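If you want the building blocks of each chain, they are given just below.
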Amino acid sequence: MKPVRTRAVPKKTPAKPKSFSKDPVQVFCRLRPMQNESDESCMKIISEQSIQVTPPDTSANYRAGTAKDVIYSFNRVFDESISQKEVFETVGLPLVKSLLEGRNGLLFAYGVTGSGKTHTMNGEPQDGGIMPRSLDVIFNSIAHFQAKKYTFKADRMNGFEIQSDIDALQERQHELMRNLESRPIKTPRKNSDPDLHFRQPDTTTLDVVCEDNTFAVFVTYVEIYNNSVFDLLEEVTEDMLRTKSMQMKILREDALKNMYVHGVTEIEVKSPEEAFEAFYRGQRKKRMAHTTLNAESSRSHSVFSIRLVQAPLDHHGENVLQEKGGMLISQLSLVDLAGCERTNRTKNSGQRLREAGNINNSLMTLRSCLEMLRENQLTGSNKMVPYRDSKLTHLFKSYLDGEGEVRMIICANPRAEDYDETMQVMKFAEMSQEVQIARPTPVRVDFGFTPGRRKANQVFRSAVRQLQEDGINSNIPVDVDVVYSLATDLPSLDILGPDGAKVISELKEFLQERMKHRTMLQKNLISKQEQFRALLAEVERENVLSKQEVLSIQAQLDQERSRMRAVQTKLGTMERQYSTLQRRYDEQEQQNQILRQEKADLELALSQSAIDKQKVKHRYNAKVAVEKEKISYEYEKKLERDREALRHQVREKDEKIRRVQRALKEDVHVPSTASSTNSAANVTSKSDGSTTQSSNTFLLRTPGADSRRMGMALRNPRHRRSRSAEGTGKWLDHCPATPVPLNTVFQPNMRKRKSVTKLTDVKDITKGTERYCLTTQEQDTDGELETRLYKGDVVPTCSGGAQVIFSDVELLKQSSPTGNASGPVTRKRSAQMSGTDVAERCSTAVEGHGKRPHLLTKP
């Protein structure tokens, strides 16, 4: 049985007309501590509301001769030793209180580059600024009154819709599925991002929250860069990563004439940590750059907005009332303006120069708008305010020209170098205090619900939970409206004024309505009493039945307990067996681990042994190579000595042969006729009647020639055959009987030849023979085969014989590969030789054949 809940039909009270009151823009000034002790200060705090500025020697006013001390007044001046908490309690806490009460707020941080604006707004994790402390106070105040996520949903038109519990649950399930299926692309974390784990939260709590309302917090974060609006909380897509650009947003006006960023990402946060995570995710995308005045200078205006949505609970105090008109939306915008700067000091160029120009233009437009507003308010004129000249002023048009609470904190650097820029900031701040901004009173719709219904519902839920813990059936039709109230508070009782009669009539109507309401509550109380009596009787019957049921269940429980004890005993035995097996398994595993370690050690030893063996082998091969080289060198030296000795013996033998030949030549008897005829040719007679010449010719005679003529036969030394006849002549190849085969690629070139081993017939030379070749083979000094070819022309003589004139010698050598391999396998050398050398070699060659050249005569 579900609880029966009666509900009285609420009567809506008429909406109160809006009442406006104007407040000036509140301006606060905060001085930054001096960075260096050597810096000169140009500011002096006179009181908590005044500060004196003295122009330094380097200022433009001092050089122009118009230098004088100027005193500026503000709502509060903070010195260098002020804490972040005190700044927040003075500047930010009233804005948070107005936000919880349903009013809008706007806070500017304005100043020169490097004056501490970002530090004042954001602070450090251990000492937070205005923004983190505002979030802490908001969530501390609404901690127990937050609605479930997606109960409120942004309608993309600067408003919100109230969803049912089922729709909100579906949204939460869809979000969970999206997180499980795909992770969004995260922007890289910067080194300057603070660690939120070490953050010191602010514990301040404001008691201005209506307990019968439910709340939700949404945050947005945008930047205005080069007069264009960008969403810093927009999810990063792959196209954005590839093009390194974000989509520009446009400004629109909602149904209530409020300006907003169309399509901006609004994130619902349930804790300060979620809000900080969203803030620092957007902070990584913010344009920052290094300048001469600041290492991390903001190149854009950043706007972090906190939107608080609150709606009343229904008459049961459990669910959100599905009435869009009952919602109350308030917004707090925290603006960190980019620093105003002069290009001649920052030395900016290119993109930095363009950014500085846009920053200064937007700040100048803000100043112009405030000056025009002040002039309109002071003079009563209606001049057009140039909000649309800049995205910054256009976005906050609804604050400046409409409703809201506007505050400004001026951050100043007291250094003398920043005097000129600081003076402009001070003048603008002092002028801004004269602008009046309308501060509206939030209108709350009274649905006639009983106050304290949330707490009543909590009491009811606690009672039901206690009954469930005590074992009592919780399906009891108990009305949750346990808090009775006659009506709202009494109206005004001031009857001394001119409207006294009207007040009395209103009071009479109010009391009549209260009496009717009281009668209705009494009837309701009587009916509830009757219902409670019936309920008690029903509970008593159910109690008797429950006791009988308990007895039967107790018997079953005893049986189950006995079975459980048996199972526990068996389980204990199994656990002991399991522990024994587990211990044996651990021992075996330990033994296996030891064996694996031993195996690894043995493999390591084997590999080390193989490495050592390889090293020994390399050393042995190196030693063998060295010894081999040494032995080869010694062998080469010995062989060279043997060759030198053999050459010496050959030279001695050749010398002996030459001496013998000279002796023979001296003993030859030459007739006078022969000497007179051929004085150029010396002929040596041999014992067998043949002759040998010492020149490069030898003569072949016919047998019938005159024996008295012992000299050389007449011949024509200029005899030459025509070159056309050379192709038809034959060679006479005079070679050994058993020549050693050459087996070489190159062979002596003799096309037409006749080979003989002995010269026995003169016709072999005289008949058709034009060329003569004598081939000898002998061993050279190295023990290798040496082949010589003595070539000559056959010339006819006057006696009918023939004479050979040697003109060429070919030397063919062959060497073994096992010997000296520095030379080629076959060598061929042709050279002209003197007559003496040819005769000597011819004589040696003939002797080598066992034949001596002699004269052949015709028969």
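Residues take numbers from 1 onward in each chain, read along the sequence in its written order. Only residues with pLDDT of 70 or above have their local features reported here, since the model is predicted, and side-chain atom pairs are shown and tallied only from 80 upward, although totals for entire chains, interfaces and linings are computed over all residues. Each side-chain value is worked out from all heavy atoms of the structure, with water and hydrogens disregarded.

- Under an unreviewed UniProt entry, the name given to the protein chain is Kinesin-like protein KIF23, and the source organism is Thrips palmi.
- In its Subcellular location (unreviewed entry) section, the UniProt record describing the protein chain reads: "Cytoplasm, Cytoskeleton, Spindle". UniProt positions are given in the numbering used here, feature names are shortened, and annotations may be inferred rather than shown by experiment.

Side note on the overall build of the protein chain
Piece 1. When helices and strands are counted, the protein chain shows 17 helices and 30 strands.
Piece 2. Exposure is judged per residue with a 1.4 Å probe applied to protein chains only, and the accessible area is read against the type maximum: over 50% gives exposed, under 20% gives buried, and values in between give partly exposed. Within the span of the protein chain, comprising 859 residues, buried residues form 38% of the whole.
Piece 3. Residues are treated as being in contact if the distance between any of their heavy atoms lies within 4.5 Å. Sequence separation of at least 24 residues holds for 71% of the intrachain contacts in the protein chain that already meet a minimum separation of 6.
Piece 4. When the accessible area of the protein chain is evaluated, it comes to approximately 51600 Å², of which 52% is carbon and sulfur surface. Secondary structure follows DSSP: runs of H or I at least 4 residues long count as helices, runs of E at least 2 residues long count as strands, and numbering of each begins at the N terminus. The protein chains shown are the only cover counted for residues, whose accessible areas, like all others here, come from Shrake-Rupley with a 1.4 Å probe.

A short note on the packing of aromatic side chains
Any pair of aromatic rings gets described here by the distance separating the centres and the angle formed by the planes.
Piece 1. Pairing of aromatic rings covers Phe, Tyr and Trp, the last through its six-membered ring, and needs centres within 6.5 Å; plane angles under 30 degrees mean stacked, over 60 mean edge-to-face, and all others mean tilted. Applying the stated criterion across every chain yields a total of 10 aromatic pairs.
Piece 2. With a centroid separation of 6.4 Å and an interplanar angle of 25°, the aromatic rings of Phe-28 and Phe-78 are classed as stacked. Separated by 50 residues along the polypeptide, Phe-28 in strand S2 (residues 26–31) and Phe-78 in strand S6 (residues 76–78) bring together distant segments of the chain. Residue Phe-28 shares its accessibility class with Phe-78, and that shared class is buried.
Piece 3. Within the aromatic cluster, the residues linked to one another by ring pairs are Tyr-221, Phe-279, Tyr-280 and Phe-304.

With respect to the sheet that holds strand S5 (residues 70–73)
Piece 1. Strand pairing is assigned whenever DSSP detects at least two bridges linking the two strands. Here we have 3 strands laid out as an open sheet, ordered S3-S4-S5, and antiparallel in their pairing. In the strand order of this sheet, the two ends are held by strand S3 (43–45) and S5, each with one partner. Within this sheet the neighbouring strands show an average axis-to-axis angle of 25°, counted without direction.
Piece 2. Here S3 pairs with strand S4 (residues 50–53) via 3 bridges, running antiparallel. For every element, the axis is a line fit to its C-alpha atoms; helices are fit only across the contacting stretch, and the angle between N-to-C directions ranges from 0 to 180 degrees.

Here we look at the UniProt feature "binding site: ATP" (unreviewed entry) in the protein chain
Piece 1. When the UniProt feature table is mapped to this numbering, "binding site: ATP" (unreviewed entry) covers Gly-111, Val-112, Thr-113, Gly-114, Ser-115, Gly-116, Lys-117 and Thr-118.
Piece 2. Position of Gly-111 among the secondary structure elements: in strand S7 (residues 105–111).
Piece 3. For Gly-111, the residues in contact, after removing those within four places along its chain, are Lys-117, Ala-338, Gly-339, Cys-340, Cys-411 and Val-425.
Piece 4. If you trace the backbone, Lys-117 turns up in helix H3 (residues 117–121).

Some points on the packing of helix H2 (residues 84–101) against helix H4 (residues 130–141)
Piece 1. Here H2 crosses H4 at 50°, and the two axes come no closer than 9 Å. With respect to H4, the axis of H2 lies oblique. The way H2 lies across H4 gives a crossing that is right-handed. Contact with H2, carried on its side by Gln-84, Lys-85, Val-87, Phe-88, Val-91, Gly-92, Leu-93, Val-96, Leu-99 and Leu-100, involves Ile-130, Arg-133, Ser-134, Val-137, Ile-138 and Ser-141 of H4 and no other residues of that element.
Piece 2. Amino acids are sorted into nonpolar (Ala, Val, Leu, Ile, Met, Phe, Trp, Tyr, Cys and Pro), charged (Asp, Glu, Lys and Arg) and polar (every other residue, Gly among them). Here the contact of H2 with H4 is built from residues that sort into 10 nonpolar, 4 polar and 2 charged. Here the angle decides the label: under 35 degrees means roughly parallel, over 145 means roughly antiparallel, 65 to 115 means roughly perpendicular, and every other value means oblique. Here a crossing is taken to be left-handed if its near helix is turned anticlockwise relative to the far helix by less than a right angle, and right-handed if that turn runs clockwise.

Remarks on the UniProt feature "coiled-coil region" (unreviewed entry) in the protein chain
Piece 1. The UniProt record annotates "coiled-coil region" (unreviewed entry) at residues 557–605 and 636–663.
Piece 2. Annotated as residues 636–663, this span is 100% helix and 0% strand, and its ends, taken at the C-alpha atoms, are 40 Å apart.

Overview of unusual backbone geometry
Piece 1. Even without being glycine, Tyr-150 reaches a positive phi, approximately 70°.
Piece 2. Inspection of the secondary structure puts Tyr-150 in the loop between H4 and strand S8 (152–154).
Piece 3. Classification of Tyr-150 by relative accessible area gives buried; the value is 16%.
Piece 4. Here the phi dihedral of Arg-156 falls at roughly 65°; this positive angle occurs in a residue that is not glycine.
Piece 5. Topologically, Arg-156 is positioned in the loop between S8 and strand S9 (160–162).

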